[in-house]
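# Coordinate inspection notes
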Amino acid sequence: MNGLARLGALLVTAVVLVGCRVGEPAPVPLAGDEPQVVAVWPFVLAEQPVDAELLLGSLGGAMTARGYRTISYAVGLQMLRDANMADAAEVTRAGAVLGADAVLQVLVREFEASGSRPLREARWDLQWRLLSTRGGGVLWSFAQRGAMRANLGDGGDPHRALDAERDIVPMGGGAPVTYRDADELVASLHRLALSRLPRRSP
C-alpha cells in the first residue's frame, strides 16, 4: 500500500470512529453513590395488569452489560417469595433480603403490543428508575415513550434472484426497524434506556 492509500485508509478509519463516538448517548449521571449490586425489582409498577415476565425478563441482562452485579427478575422474585414478601414490599427490607444496595424498577404508564413474526404495532410509555435500598432515594431515572408499526405492505420483488446484490442503502438511512415480537422490542427498549446509565467503575 503506498503512502497516499495508507493516508486515505487512516482518514476513513478516523471518520468511522468519530461517527461511532458521536452516536453514543450521553449518560445521565447518578444522583448518589454507585451501587455495587443491583436487583431487578420483580414487580412492575403499573395502573393496569401487565405481563411482568415480558417487561422484566430481559432487564437483568441489559443491566449486567453496563458492568453491574445484577440479580435477575426470576431470582429476585423467588428470593422475595421465599421471604414471604408481597408485591408492596418495602424497598429497604427487600434490599436486605436480596443483598442489593439498589433496585431497578420499571414504571409502566402504557404498554401495548400486537402481532408476532413480525411484531405489527406497539405503543409504550415507560420509566426506568434506580432506587437505593440504603435510604439514598432515586439514584437515576430515564423515561421513554414511543410507538411503532411494521411496514408490511412492501414485500419486495418476488422474482428477484436469491443471489442478487442488495440494494444500496444511504448512510444514516435504511429500512425501518422491525421486531419479531414483543420480547424483542422490550429487550431493545431496555438496552436503549440503560445506555443512558453510567457504566460501573472498574
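Preceding this section is the structure that the text describes.
Residues numbered from 1 in each chain as written. Predicted model: local features only at pLDDT ≥ 70, side-chain atom pairs only at ≥ 80, totals over all residues. Heavy atoms only, no water.

## Some points on the overall build of the protein
- Secondary structure summary: the protein contains six helices and six strands in total.
- Starting at the N terminus and ending at the C terminus, the protein contains elements arranged as α-β-β-α-α-β-α-α-β-β-β-α.
- Burial status across the protein gives 35% buried among its 202 residues.
- Approximately 12,800 Å² of the protein is accessible, and the part contributed by carbon and sulfur atoms is 54%. (Helix = DSSP H or I, 4+ residues; strand = E, 2+ residues; numbered from the N terminus. Buried < 20%, exposed > 50% of the residue type's maximum accessible area, 1.4 Å probe, protein only. Areas by Shrake-Rupley, 256 points an atom, 1.4 Å probe, with all protein chains shown as cover.)

## Considering the pattern of salt bridges
- Summed over all chains, the structure comprises five salt bridges.
- Across the pair Arg109 and Asp125 runs a salt bridge, and its minimum N-O distance is 3.8 Å. Residue Arg109 is found in strand β4 (residues 102-114), and its partner Asp125 is found in strand β5 (residues 121-132); the two are separated by 16 residues along the sequence.
- Assessed through its relative accessible area of 52%, Arg109 is described here as exposed. (Salt bridge = Lys/Arg side-chain N within 4 Å of Asp/Glu carboxyl O.)

## Description of the environment of Ala182
- Secondary-structure assignment places Ala182 in helix α6 (residues 182-194).
- Separated by 128 residues in the primary sequence, Ala182 and Leu54 have C-alpha atoms spaced 7.7 Å apart.

## Here's the deal with unusual backbone geometry
- Along the chain, Arg117 connects to Pro118 via a cis peptide bond; the corresponding omega equals 10°.
- Positionally, Pro118 belongs in the loop between β4 and β5.
- With a phi close to 60°, Asn84 is a non-glycine residue in the positive phi region.
- The residue Asn84 is located in the loop between α4 (73-82) and α5 (91-98) in this model.
- Its relative accessible area of 71% is what places Asn84 among the exposed residues.
- Phi at Arg117 takes a positive value of approximately 55°, unusual for a residue other than glycine.
- Tracing the backbone through its elements, the reader meets Arg117 in the loop between β4 and β5.

## Points about the nonpolar core
- Formed by 48 residues in total, the largest nonpolar core has its most connected members in Trp128 and Leu130.
- Residues within four places of Trp128 in sequence aside, it is in contact with Leu59, Gln105, Val106, Trp140, Ser141, Phe142, Gln144, Leu189, His190 and Ala193. (Core = buried A, V, L, I, M, F, W, Y, C linked by side-chain atoms within 4.5 Å. Contact = heavy atoms within 4.5 Å.)

## Considerations on α6
- Counted at 1.5 Å a residue, the expected span for α6 with its 13 residues is 18 Å, and the 18 Å between its end C-alpha atoms agrees.
- On the buried face of α6, the contacting elements are α2 (52-56), α3 (59-64), β4, β5 and β6 (138-149).
- The backbone nitrogen of Asp183 has a side-chain oxygen 3.3 Å away, supplied by the residue at the start of α6, namely Asp181. (Expected span 1.5 Å × (residues − 1). Polar contact = N/O pair within 3.5 Å; in protein donor to acceptor, adjacent residues only side chain to side chain.)

## Digging into the packing of aromatic side chains
- Per the counting criterion, the structure on display carries two aromatic pairs.
- An angle of 80° between the planes, with centres 5.6 Å apart, marks the rings of Trp41 and Phe43 as edge-to-face. The residues Trp41 and Phe43 share a single accessibility class, namely buried.
- For the pair Trp128 and Phe142, a centre-to-centre distance of 6.4 Å together with 40° between the ring planes defines the contact as tilted. A residue pair is termed long-range when its members are at least 10 positions apart, and Trp128 in strand β5 and Phe142 in strand β6 qualify at 14 residues. For the pair Trp128 and Phe142, one class covers both residues: buried. (Phe/Tyr/Trp six-rings, centres within 6.5 Å; stacked < 30°, edge-to-face > 60°.)

## Considerations on the pairing of β4
- By the bridge criterion, three bridges tie strand β1 (residues 37-40) to β4 in an arrangement that is parallel. Residue pairing across strands places Val40 opposite Leu104, the latter belonging to β4.
- As judged from the two bridges shared by strand β2 (residues 45-46) and β4, these two strands associate in the parallel manner. Paired with Ala46 across the two strands is Val108, which belongs to β4.
- Connecting β4 to the antiparallel partner β5 that follows it, the hairpin turn spans six residues, and Gly115 within it adopts a positive phi of roughly 95°. (Pairing = 2+ DSSP bridges.)

Any functional reading would require information beyond the geometric quantities listed.
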